[in-house]
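An overview of the molecular structure
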Amino acid sequence: MWLAQSEEDARRLVALGARAEAVKVGGNLKFDVRAPAVSRVAELIKEAAGGRPIVVAGSTVASTESGVEGEEAQVVQGWMQMQKQMHRTISLDSVLVIAPRHPERFEEAWKVVYEFPSLRATDLLAGRRRENAVARTEPDGDSLATMDIILLDTIGDLAAVYGVADVAYVGGSMFRRGGHNPLEPAQFGVPVLMGESFENFREVVGKMMNADAIRIVQDEIELEIALADLFTDREAARAMGERGRRVFEEQQGATGRAVEAILSLVVKA
């Protein structure tokens, strides 16, 4: 028996030689994934925000283009320009959380964020010393000061951290890396932004696009514009997030269908 994720996958399996009667569309198991109910790191980040909106950029990756910086630099640039465009003041009114996809890039990402030229050259940190405005989480950290930029350098917390976000950018998508799962933030009703590379989640993104539940951005400039739009019209942002949540909920059930299919084979045996 073949349990395909989509009708297109089912057709391809048959074209490859699978018996048509043995192929069924089971759906996408990723729609059934739920984030941990409790995360101390997520609680610390919410505490650090102090009521300010939170932008979470998850699963960011290194650049695949020569001479071009990774997604962390693009996200920081887009976020900072959005702040200046909206407020034109030294006060930062939102918090940026960056979560690199791969642990081995934590140090590289930290260096990019901490030494970002615009942070050094401007007073955007609202008069606070750099060490009090840019932070990294620690697996056993007890607290975070009120920060503007936080690097999430722990394992297994991102899914729950999406739950405290006001806007999410899903990484691995600004370069040709195939993207990561936009359902992780969508399940919380968080409006989702993503780059143009989402080949690994083509069906999921397609369903979200059809529901106007995701916004695709090409670069840091479009990311800046999208963030500004969502923070300017908070009602539209909430509606977009709710559409994403509905997509997530409407597509659930693949796990149950898979179990039923497996049990049917056991019974036959």
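The text that follows walks through the structure, step by step, so that each part is easy to find. Predicted, not measured: the structure shown is a model, and the values here were computed from it. (Residues numbered from 1 in each chain as written. Predicted model: local features only at pLDDT ≥ 70, side-chain atom pairs only at ≥ 80, totals over all residues. Heavy atoms only, no water.)

**Some words on a nonpolar patch on the surface**
Put simply, the rule reads: Each patch is assembled from residues with relative accessible area greater than 30% and no salt bridge, linking like charges that lie within 9 Å and nonpolar side chains (Val, Leu, Ile, Met, Phe, Trp, Tyr) that lie within 5 Å. Calculation of accessible area relied on Shrake-Rupley with a 1.4 Å probe; when residues are assessed, cover is drawn exclusively from the protein chains displayed. In what follows, salt bridge is the name for a side-chain nitrogen of Lys or Arg lying within 4 Å of a carboxyl oxygen of Asp or Glu. Strands here are runs of E lasting at least two residues and helices are runs of H or I lasting at least four, both read from the DSSP assignment and numbered beginning at the N terminus. Only protein chains enter the accessibility calculation, which uses a 1.4 Å probe. A residue is then buried if its area is under 20% of the maximum for its type, exposed if over 50%, and partly exposed in between.
Residues Met1, Leu3 and Leu265 make up a contiguous nonpolar surface patch of roughly 240 Å² in combined accessible area. Relative to the helices and strands, Leu265 resides in helix 11 (residues 254-268). A relative accessible area of 39% means that Leu265 is categorised as partly exposed.

**Some thoughts on the nonpolar core**
For soluble globular proteins, the rule of thumb is that nonpolar side chains tend to be buried together. The cut-off we apply is this: Buried Ala, Val, Leu, Ile, Met, Phe, Trp, Tyr and Cys residues form a nonpolar core when they are joined through side-chain atoms within 4.5 Å.
Residues Ile45, Ile54, Val56, Val97, Leu152, Val161 and Met208 are the most contacted members of the largest nonpolar core, which totals 35 residues. Counting residues per element, this core draws most heavily on helix 2 (residues 40-49), at 5 residues. Trp79, Ile98, Leu151 and Ala237 belong to the second largest nonpolar core, which has 31 residues in total.

**A look at the pairing of strand 3 (residues 54-60)**
Quick reminder of the rule: At least two DSSP bridges between two strands are required for those strands to pair.
For strand 3, the tally of buried residues reaches 7 of 7 residues, placing the bulk of the element in the interior. Strand direction decides the pairing type here: strand 3 and strand 4 (residues 95-100), joined by 6 bridges, are parallel. In the sheet register, Gly58 faces strand 4, and the bridge partner there is Ala99. In this structure, strand 3 lies alongside strand 7 (residues 167-170), joined through 4 bridges in parallel fashion. Paired with Val55 across the bridge in strand 7 is Val167.

**What about the side chain of Thr154?**
We count it as follows: Pairs of N or O atoms are called polar contacts if they sit within 3.5 Å, as long as, within protein, a hydrogen donor faces a hydrogen acceptor (for residues adjacent in sequence, only side-chain-to-side-chain pairs).
Among the secondary structure elements, Thr154 is positioned in the loop between strand 6 (149-151) and helix 6 (158-161). For Thr154, a relative accessible area of 10% gives the class buried. Of the polar contacts made by the side chain of Thr154, one reaches the side chain of Asp157; its length is 2.7 Å.

**Details of the pairing of strand 7**
Of the two faces of strand 7, the one lined by Val167 and Tyr169 and the one lined by Ala168 and Val170 are each fully buried. Inspection of the sheet shows strand 7 paired to strand 8 (residues 192-194) by 3 bridges, in the parallel sense. Pairing of Ala168 across the sheet is with Val192, part of strand 8.

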